[in-house]
Amino acid sequence: MKKRLSLLLVLVLAVSSLLAGCGKGNEGKEETKPATEEAKEQKVGLVVAGGLGDRSFYDSSNEGVEKAKEDLGIEYKVYECRNDPQLYKDQLIQASEYAPIVAVVGLEFYDAVQEVAKEFPNVNYIYVDTEIEGIDNLTTISYVENEGSFLTGALAAMLTQETSIEGIDEGKVIGMVGGKDIPVIRNFKAGYEAGAKYIDPEVKVETIYAGDFEDPAKGKESALALYSRGADIVYSVAGKTGEGVFEAAKESGKYAIGVDTDQRYINPDVIVASMVKRVGMSIYDTIERIQKDTLEPGKVYYYGLEENGVELSFGEPGMKQFATDEMIEKLTDIKKKIVNNEIEVPTGK
Amino acid sequence: MLSQLFNLTLIQHTIRTATPLVLAALGGLLTEHAGILNIGMEGMILLGSFFGIVGSYFFSSSLMGVLLAVVAGIIIGIIYGFFVVELGSDEFIIGIAINIFASGLTVFLLRSIFGVKGAFSSPDIVPLPKLSFPGLDNIPILNVIFNNHSIFVYISWILVALIYIYLYKTPKGIWLRASGEYPEALETVGVSSKKMKYTSSIACGVLCSFAGAHLSLGYLTLFTENMSADRGFIAVAAIIFGGANPIKTFAAAMMFGFFDALGIRMQVMGVPSQFTQMIPYVVTIIALVIVTKNHMNKIKKGKEKEEGAY
């Protein structure tokens, strides 16, 4: 009897915490009121592999649909998967049943989204951060992160020679902490290194992959190792692991560069800039295209410097700026050259 | 080249990485001696991390952070004990339940208390103090190794010694071990084995909350979802390696920390990350093989002796 009682309690515990994890996902099911064809067109489901609150990628996509709600008058629901692979397909299907437009964020969905897209031919899928061609109702958005990282590398290379800034030493070493050694991150690295070399071929770029996107302690250790080897600025491309990079920067009296969203606000004294992927903007754009019927489904849309899909961001007004006007000028110049194809940025994919 | 890899900061790095493992493993080995293999440590660490941040943020005191973490540790220890000891449930299922529960609860509370999702950091979180011993400043090597660590690093070293003495040199330690090995014998001398198991379970909760508070307040000053990042499971591995002996377990945890630190350094040397991230696991397998082989040899020898006696 006692054993049964405890098993029951365990089940209740497990189920309740699972529900807490994907609370929003279940709301989608409740709203099954019959909708007319037009009203249906106004709904968007946003499916993310992790959870909102990463102060980065997923939050940015949420801002995009939020903006679409205000400006384009859509309704939306967010489906979080909390990095649980078992939920990927379920949440995709839930979102597909809820809305005719489904925005999908996270490389993890690569297989699942292709399967589900075939099951729901009437649903328009917007899949962010990868390239898939040939599925009629699946549009992908690819960020040219190596272009943005080229600017980041250029900025870091200029800053590491600016010895007038406190904490910057003579050596020309800069670093990068990557989440995992995967194609997207390698693409960041390729651009970052090329950008640094463009400013000064003598600048040394050292990279450590923490092997995890959710372990800030490991991020801190990795960054500390880079700082101890003379790096003045570390580019953090590692999601929540990156929070540890910023701590390491503070502790060592050195600097860091954020990623995906403008992360300067986390600690404006050590985070000098962020390489922003305008995930939200690109999702917003695509929803607008669908509404205006100008979308070419099945196509890959590229968002680079030219489309303002990636760019360097320096926080809000009032924050202490480390990049001088001269540097900004130089960066604008480089950006122009990349857009005009005068500089070719290598890829790491 | 090698001097860049093996230098004093490597030792520092090892100590920093290993301390949360040491603290959690010390807790887990107490329940292990009481006959319970606690895989719920992962969740217990996470709760400690979270409540450490809550206490430190709202009371502007790292001590309050630790106290709140300890209270959470005691409560979760009692809950674990209640299910496993009182109700006789399967220790693995309860362990998994605690992990899922902790993960869900911290996500939920993070949203409802701080209004954020994913990560929380603030200048108002007071970190735990770092200690330095004035006398050691003048000796370069000892200075690097022993000075300027967060306070829990030293506490963990003291605890290794205390728990060793407790387990092997005091009557209560013998009771604790007996409660796991042969509870009936313990009952015949009038000691409740249930009570000893409860004690170990609560102590484990407290030590895991130390590990968590160290992670969120000593090592970092922030909380992110699932920041325990499998440290609870590595602590289980350290206990098994060390045969639940505090000193050997400490050594095992240090070994994990060492190879983690070494892996990060080797990447800078140009070794591919896929290889360096493999090292701790390869070492785990090799060590497990050695441990098991020694164990088998002992059993074999024991059998031969028994046979010889007849």
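Residues numbered from 1 in each chain as written. Chains lettered and ligands numbered in written order. Predicted model: local features only at pLDDT ≥ 70, side-chain atom pairs only at ≥ 80, totals over all residues. Heavy atoms only, no water.

1. What about helix 10 (residues 193-219) of chain B?
Residues and elements named next belong to chain B. Just so we agree on the cut-off: In DSSP terms, a helix is any run of H or I states spanning at least four residues, a strand is any run of E spanning at least two, and both are numbered starting from the N terminus. Helix span is expected to be 1.5 Å times the residue number reduced by one. Note on bend: the value at a residue is the angle between axes fitted to the seven residues ending there and to the seven starting there. Whether a residue is buried, partly exposed or exposed follows from its accessible area with a 1.4 Å probe, protein chains only, as a fraction of its type maximum: under 20%, in between, or over 50%, in that order. N or O atoms closer than or at 3.5 Å make up a polar contact, with two conditions inside protein: a donor-capable atom paired with an acceptor-capable one, and, for residues adjacent in sequence, both atoms drawn from side chains.
When the terminal C-alpha atoms of helix 10 are compared, their 37 Å separation across 27 residues agrees well with the 39 Å that a helix rising 1.5 Å per residue should span. At A213, helix 10 shows its maximal bend, which comes to roughly 30°. Burial within helix 10 is extensive, with 21 of its 27 residues counted as buried. The N-cap residue of helix 10 is S192: its side-chain oxygen and the backbone nitrogen of K194 are 3.3 Å apart.

2. Structural notes on the interface of chain B and chain A
The test is simple: The contact definition used throughout considers only heavy atoms, calling two residues in contact when any of these lie within 4.5 Å. Buried area is a sum: the accessible area each of two parts loses on coming together, probed at 1.4 Å, counted once for each and added. Salt bridges are identified by distance alone: a Lys or Arg side-chain nitrogen within 4 Å of an Asp or Glu carboxyl oxygen. Under this grouping Gly is polar, as are all residues other than the nonpolar Ala, Val, Leu, Ile, Met, Phe, Trp, Tyr, Cys and Pro and the charged Asp, Glu, Lys and Arg.
With 42 residues of chain B at the contact, the number on the chain A side is 39 residues. Carbon and sulfur atoms make up 55% of the surface buried where chain B meets chain A, a total of about 3500 Å² over both sides. E225 of chain B is paired through a salt bridge with K240 of chain A; the nearest N and O atoms lie 3.7 Å apart. Every element with two or more residues in the side of chain B that touches chain A is listed here: helix 2 (8-33), helix 4 (62-86), helix 5 (91-114), strand 1 (119-121), helix 10, strand 4 (222-224), helix 12 (246-268) and helix 13 (273-276) of chain B. Among the elements that line the side of chain B that touches chain A, the one with the most residues is helix 5 of chain B, at eight residues. Classifying every residue of the side of chain B that touches chain A gives 19 nonpolar, 15 polar and eight charged.

3. Things to note about the domain arrangement of chain A
Residues and elements named next belong to chain A. Counted only if it meets this: What fixes the domain bounds is an automatic or database domain assignment.
Partitioning chain A into structural domains gives domain 1 (22-144 + 279-303) and domain 2 (145-276 + 310-339). On a C-alpha basis, the centres of domain 1 and domain 2 stand 30 Å from each other. If you look at the interface, domain 1 gives eleven residues, while domain 2 gives 15 residues. Contact between domain 1 and domain 2 buries roughly 1100 Å² in total, counting both sides, with carbon and sulfur atoms accounting for 48%. Looking only at domain 1, the three residues that lose the most surface to domain 2 are R55, S56 and V144, adding up to 53% of its buried area. The interface formed by domain 1 and domain 2 holds zero salt bridges in total. Here domain 1 is connected to domain 2 by three residue pairs in polar contact (both at pLDDT 80 or more). For the side of domain 1 that touches domain 2, the class distribution of residues is five nonpolar, three polar and three charged.

4. Considering the environment of A238 of chain B
Residues and elements named next belong to chain B. Within the secondary structure, A238 sits in helix 11 (residues 231-241). Judged by its relative accessible area of 1%, A238 is buried. Distance from A238 to R177, taken between C-alpha atoms, is 19 Å for residues 61 residues apart in sequence. When residues no more than four places from it in sequence are discounted, the contact partners of A238 are A25, T249, A252, A253 and F256.

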